[in-house]
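What follows is each chain in one-letter form.
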Amino acid sequence: MDLQLETLLKDLLKSNMALQSFATIVSYDLQEPLNKILDFNNRLKIKYANKLDEQGRSYMEIIESTSLKMKGLLETLYKYSTMTNQEIKFKEVKLGKIFDEVLAELKTKLEENYVQIQIVGNPPVVEADPVLISELFRSLICNAIRFRYPNISLSIRIEITTSRDLVKIEVEDDGVGFGSDDSEAIFKQFQKLNKVEEYNGIGIGLTFCKIICDKHNGTLSAKSAEGEGSTFTLLLPLKQKAN
């Protein structure tokens, strides 16, 4: 048994080292040539745009937009590869302040997509990592925006219920929803549901949310039906147990 445990620990260490190595490659080696593409494309636009016809300028716009999309995907992969081993810094956090900051940051995005957000209940103070908990709520709201009906206003209702030891936060939207059989698959990394292939992304945003919840000793679940919106339920302890 001791030998099996030692072997398992060695394999885990190798896996973590490989993940960190991958993060370094994504962060530096793959970003460098992409930045050069963007840089030289920008030089072409400045010096030669007036010498190109409409089709030529269109090609440059495609190069820029595609490169920026790839840059965003690489940054997302880097975030995923580093989050697993990220050190958590718990402190008392006012969830109401977190909500205000996230909504202020997303103000333009919310207005552009005709999103109405209603917060019901009193956000408590919890022990959490403020950076990660902000990322969690930002990702849940952006996920709802992403899977909305086009050209139709979106309603997001955030209901907060606090008990003795836990806070329950339900994020409900009236977007496109998903099949009830996919309520667990949506949290798997790089998982894109067949019903929503037309939406951009690599299927990792909700994986971030699940990792953050796990790191806070909480849970995250989802329920939905196609065409009837989605509800994500988050349970977080008010106090973290001492190690």
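Look up: the structure comes first, before these words.
Please read these numbers as outputs of a predicted model, since none were measured by experiment.

A. Spatial organisation of the pattern of salt bridges. Throughout the structure, instances matching the rule amount to ten salt bridges. For K107, the salt bridge identified is with E111, shortest N-O distance 2.6 Å. Of this pair, K107 and E111 both sit in helix 5 (residues 107-112), separated by four residues, roughly a single helical turn. When salt bridges that share partners are traced, they join K45, E61 and E64 into one network.

B. Representation of unusual backbone geometry. With a phi close to 60 degrees, N151 is a non-glycine residue in the positive phi region. Mapping N151 onto the fold places it in the loop between helix 6 (130-146) and strand 4 (154-162). Assessed through its relative accessible area of 79%, N151 is described here as exposed. At N217, a position not held by glycine, the phi torsion is positive, near 60 degrees. One can find N217 in the loop between helix 7 (205-215) and strand 6 (219-224).

C. Quick peek at the packing of aromatic side chains. Within the structure shown, the criterion is met by one aromatic pair. Lying across the ring of F40, R43 places its NZ or CZ 4.6 Å from the centre.

D. Spotlight on the sheet that holds strand 5 (residues 166-173). The mixed open sheet is built from five strands, whose spatial order is 2-4-5-7-6. In this open sheet, the two strands that pair with only one neighbour each are strand 2 (115-120) and strand 6. Direction aside, the axes of adjacent strands within the sheet are offset by 15 degrees on average. By the bridge criterion, eight bridges tie strand 5 to strand 7 (residues 230-237) in an arrangement that is antiparallel.

E. The packing of helix 6 against helix 7, seen in detail. Running from N to C, helix 6 and helix 7 cross one another at 145 degrees; their axes reach a closest spacing of 9 Å. In terms of crossing hand, the pair formed by helix 6 and helix 7 is left-handed. Taken together, the residues of helix 7 that come into contact with helix 6 (itself represented by L132, E135, L136, S139, L140 and N143) are G205, L206, C209, I212 and C213.

F. Representation of the environment of Y149. Among the structural elements, Y149 can be located in the loop between helix 6 and strand 4. Residue Y149 is classed as partly exposed on the basis of its relative accessible area, which comes to 30%. Each C-alpha atom, one on Y149 and one on G227, is 9.3 Å from the other, the two residues being 78 residues apart in sequence. Setting aside its immediate chain neighbours within four residues, Y149 contacts D174, G175, V176 and G227.

G. Looking closely at the packing of helix 4 (residues 95-105) against helix 6. Interhelical geometry of helix 4 versus helix 6 gives an angle of 55 degrees and a closest axis separation of 10 Å. By the angle between their directions, the pair helix 4 and helix 6 is classed as oblique. Note on packing geometry: the crossing formed by helix 4 with helix 6 is right-handed. Along its contact with helix 4, which presents L95, I98, F99, V102, L103 and E105, the element helix 6 presents P130, I133, S134, F137, R138 and I141.

Parameters at a glance
Residues numbered from 1 in each chain as written. Predicted model: local features only at pLDDT ≥ 70, side-chain atom pairs only at ≥ 80, totals over all residues. Heavy atoms only, no water. Salt bridge = Lys/Arg side-chain N within 4 Å of Asp/Glu carboxyl O. Helix = DSSP H or I, 4+ residues; strand = E, 2+ residues; numbered from the N terminus. Buried < 20%, exposed > 50% of the residue type's maximum accessible area, 1.4 Å probe, protein only. Phe/Tyr/Trp six-rings, centres within 6.5 Å; stacked < 30°, edge-to-face > 60°. Lys NZ or Arg CZ within 6 Å of the ring centre and 35° of its normal. Pairing = 2+ DSSP bridges. Axes fitted to C-alpha atoms, helices over the stretch in contact; angles between N-to-C directions. Left-handed = near helix turned anticlockwise from the far one by under 90°. Contact = heavy atoms within 4.5 Å. Parallel < 35°, antiparallel > 145°, perpendicular 65-115°, else oblique.

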